[in-house]
Each structure stands twice: as C-alpha cells, then as structure tokens.
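Coordinate inspection notes
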Amino acid sequence: MNGDVLIQNIINLFVMAIILEAAVMAIFSMSAFRDMKMTRAVEATRDVIILLGAFFLCYKVDVLHVFKGTGLKIPVLFDVIISTLVLTRMTNFVRQVFNRLRQD
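Position numbers for residues start from 1 in each chain and track the written sequence from start to end. For this predicted model, a pLDDT threshold of at least 70 governs which residues receive local features, and a threshold of 80 or more governs which side-chain atom pairs are given and counted, while totals over whole chains, interfaces and linings are taken from all residues. With hydrogens and water stripped out, all remaining heavy atoms of the structure feed into the side-chain values.

As a further point, take a nonpolar patch on the surface. Two distance rules govern patches: like charges are joined within 9 Å, and nonpolar side chains (Val, Leu, Ile, Met, Phe, Trp, Tyr) within 5 Å, applied only to residues with over 30% relative accessible area and no salt bridge. Per-residue and other accessible areas were derived by the Shrake-Rupley procedure at a 1.4 Å probe size, with only the shown protein chains allowed to occlude residues. We define a salt bridge as a contact between a side-chain nitrogen of Lys or Arg and a carboxyl oxygen of Asp or Glu at a distance within 4 Å. Where nonpolar side chains cluster on the molecular surface, the patch consists of M1, L51, F55, Y59, L72, I74, L77, F78, I81, I82 and L85 and spans about 1,000 Å² of accessible area. Secondary structure elements with two or more residues in the nonpolar patch: α3 (40-60) and α4 (76-103). A run of DSSP states H or I qualifies as a helix once it reaches four residues; a run of E qualifies as a strand once it reaches two. Both are numbered from the N-terminal end. Sorting elements by how many residues they give to the nonpolar patch places α4 first, with five residues. Following the sequence through the fold, L72 ends up in the loop between α3 and α4.

In structure tokens form, the structure reads like this:
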C-alpha cells in the first residue's frame, strides 16, 4: 500500500471539506435562513445537504477517492461511499472549529 498517496488523498478531502462547509454556510447565512433557529430539523437538513453534496463530489471527481492510487483493490462504489463518509465527517469537524472560533 502506498501511504503517501493515501495521505495526499486525505489532505485533498480535507481541503474539499473546508470548501463544502463554506458553501453550506453561505446557503444558511442568507437572509431568508438567518431568522430560523437551529432546530433539529434545520440541522438534519444541513447534514443531508452536506451528505448529498459530498456523495456527488466523490462520485464525479476521481481525485476525491480515498483509496485511489494506494494499491488497495476495492470496488469503486465502496471507495465512493467511504470517501463520502470521510468527507462528511471532516466537514462536520470544520463546522465545529468554525463555531468555536466564532464564539470566542
């Protein structure tokens, strides 16, 4: 297994997580959504938007596959699903960091 390629793929996913979180923040910071309180329904909607966006990105962009070029032979669909879940988790991590920076 080529570990350097795996780390590079993870870094690519992290950069894409920052971009995806910024895009979703832009949608939810529009004036129509500012008055809404962050209830569970709004948070669930946000998570679904992030998950669908991450899946679409990972499905269409081969660079965002976690195991591409590492030497591990797994089915493409599993690679896309794993990449989607990793990207979604990284996006949630970036959101938590942004929220903590905004509170301080």
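Picking up where we left off.
Each aromatic pair joins two rings of Phe, Tyr and Trp (for Trp, the six-membered one) with centres within 6.5 Å, and gets the label stacked for planes under 30 degrees apart, edge-to-face for over 60, and tilted for any other angle. Evaluation of the coordinates by the stated rule reveals one aromatic pair. Summarising the aromatic geometry, the rings of F55 and Y59 are spaced 5.9 Å apart at their centres and angled 15° between planes, so their arrangement reads as stacked. Here the residue F55 and the residue Y59 both occupy positions in helix α3, the gap between them amounting to four residues, near one helical turn.

It is worth spelling out α4 at this point. Helix length check: α4, at 28 residues, gives a terminal C-alpha distance of 40 Å against a target of 40 Å (1.5 Å per residue), a fit within 8%. Accessibility here uses a 1.4 Å probe with only protein chains present; expressed as a share of the type maximum, an area under 20% marks a residue as buried, one over 50% as exposed, and anything in between as partly exposed. For α4, the full list of buried residues reads D79, V80, S83, T84, L87, T88, M90, T91, N92, V94 and R95. Where the residues of α4 are buried, they touch α1 (3-28) and α3. The length a helix should cover is 1.5 Å for every residue beyond the first. Note on contacts: a residue pair is in contact if any heavy atoms of the two residues lie within 4.5 Å.

We now examine the packing of α3 against α4. The interhelical angle for the contact between α3 and α4, taken along N-to-C directions, is 135°, at an axis separation of 8 Å. Classified by the interaxial angle, the pair formed by α3 and α4 is oblique. For the pair α3 and α4, the crossing hand works out as right-handed. When α3 is examined against α4, the residues R46, D47, I50, L51, A54, F55, C58 and Y59 are found in contact with a partner set consisting of V80, S83, T84, L87, T88, T91, N92 and R95. All axes are obtained by fitting lines to C-alpha atoms, using only the stretch in contact for helices, and the reported angles, taken between N-to-C directions, cover 0 to 180 degrees. Should an angle fall under 35 degrees it is taken as roughly parallel, and over 145 as roughly antiparallel, whereas 65 to 115 is taken as roughly perpendicular and any remaining angle as oblique. The crossing is said to be left-handed when, going from far helix to near helix, the turn is anticlockwise and less than a right angle, and right-handed when the turn is clockwise.

Read these as spatial facts, not as claims about activity.
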